Amino acid sequence: MSWPFLAVFFSGWLFVDASYRGLRWQRWVFKPVTLLLLLLLAWQAPTLNVYSYLILLGLAATLVADGLLLLPEERFMYAIGAFFLSHLLYTLSFASQMTITFFWPLPLALLVIGAILLAVIWTRLAELKWAVTTYIAMTLLMVWLAGEQYFARSTDMAFSLFCGTVLLLLGNIFWLVSRYRFKFRAADGLVAACYFGGHFLIVRSLYL
């Protein structure tokens, strides 16, 4: 796994670097390249089953969503829908592997995080209020199921999934807050680092 990992890391680093320095062409090249490398890495997993295929489909939906973000602003709703589908597919993959448990502090903390995030950006969402709310809810559900799996099993695979989903949640928080409330210079780099780190850790679980 070392060479594919290095390829993903190097491509992702070039995109994060471009996000900080504002090189648009470099961002347009290395974001899809990194996602395609992640898809290739997932496809080469030792075992391909329903769980693996759902991860692959989730990555493919993410690739579509990123392509839609490059289009005019009126396509943003479709991009949100594709990201929602990606997180739904991830959530279904986690659900296919988990045992029934309930660690109540986790959903409580996630509800508080979701409520604070919506309170910060709500007045700026305009006609996208319910689309973004649904997307946030799906992201929180994804993190919750990954977390329940970790607290139930405490395996390396479950830990990788949980850390990956938490990074995706953090990336979405930075992205939405920067887009709709407080624009700050480091936002693009932080979003990119959390985004690729999260997807990589989810793909990494296929090897554990």
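This text goes with the structure placed above it.
Residues numbered from 1 in each chain as written. Predicted model: local features only at pLDDT ≥ 70, side-chain atom pairs only at ≥ 80, totals over all residues. Heavy atoms only, no water.

### A look at the overall build of the protein chain
Turning to step 1, where the next piece is worked out: Secondary structure assignment for the protein chain yields eight helices and zero strands.
Turning to step 2, where the next piece is worked out: With 208 residues in all, the protein chain has 48% of them scored as buried.
Turning to step 3, where the next piece is worked out: For the protein chain, the share of sequence-separated contacts (at least 6 apart) that also reach a separation of at least 24 residues comes to 74%.
Turning to step 4, where the next piece is worked out: A total of about 10400 Å² of accessible surface is found on the protein chain, and carbon and sulfur atoms cover 72% of it. (Helix = DSSP H or I, 4+ residues; strand = E, 2+ residues; numbered from the N terminus. Buried < 20%, exposed > 50% of the residue type's maximum accessible area, 1.4 Å probe, protein only. Contact = heavy atoms within 4.5 Å. Areas by Shrake-Rupley, 256 points an atom, 1.4 Å probe, with all protein chains shown as cover.)

### Topic: the nonpolar core
Turning to step 1, where the next piece is worked out: By size, the foremost hydrophobic cluster in this structure holds 52 residues, and its most contacted members are Tyr90, Phe94, Ile121, Ile136, Trp175 and Leu176.
Turning to step 2, where the next piece is worked out: Those residues in contact with Ile136, other than ones at most four positions away along the chain, are Leu117, Leu118, Ile121 and Leu176. (Core = buried A, V, L, I, M, F, W, Y, C linked by side-chain atoms within 4.5 Å.)

### Description of the packing of aromatic side chains
Turning to step 1, where the next piece is worked out: All told, the structure shown has 10 aromatic pairs when counted by the stated rule.
Turning to step 2, where the next piece is worked out: With 5.5 Å between their ring centres and 55° between their planes, Tyr150 and Phe159 make a pair best called tilted.
Turning to step 3, where the next piece is worked out: Exposure remark for Tyr150: the relative accessible area of 22% places this residue in the partly exposed category.
Turning to step 4, where the next piece is worked out: A network of ring pairs unites the aromatic residues Tyr150, Phe151, Phe159 and Phe162 as a single cluster. (Phe/Tyr/Trp six-rings, centres within 6.5 Å; stacked < 30°, edge-to-face > 60°.)

### Re a nonpolar patch on the surface
Turning to step 1, where the next piece is worked out: A grouping of Phe102, Trp104, Leu108, Val112 and Ile116 is seen on the molecular surface, where their side chains present a nonpolar patch of about 570 Å² in accessible area.
Turning to step 2, where the next piece is worked out: In this fold, Phe102 is placed in the loop between helix 4 (76-95) and helix 5 (105-121).
Turning to step 3, where the next piece is worked out: Of the residues examined, Phe102 reaches a relative accessible area of 57% and is grouped as exposed. (Patch = residues over 30% accessible without salt bridge, like charges linked within 9 Å, V, L, I, M, F, W, Y side chains within 5 Å. Salt bridge = Lys/Arg side-chain N within 4 Å of Asp/Glu carboxyl O.)

### Brief notes about the packing of helix 3 (residues 50-69) against helix 4
Turning to step 1, where the next piece is worked out: Orientation of helix 3 relative to helix 4, taken along the N-to-C sense of each, is 165°, at an axis distance of 8 Å. In terms of their interaxial angle, helix 3 and helix 4 are classed as roughly antiparallel. Handedness of the crossing formed by helix 3 with helix 4: left-handed. (Axes fitted to C-alpha atoms, helices over the stretch in contact; angles between N-to-C directions. Parallel < 35°, antiparallel > 145°, perpendicular 65-115°, else oblique. Left-handed = near helix turned anticlockwise from the far one by under 90°.)

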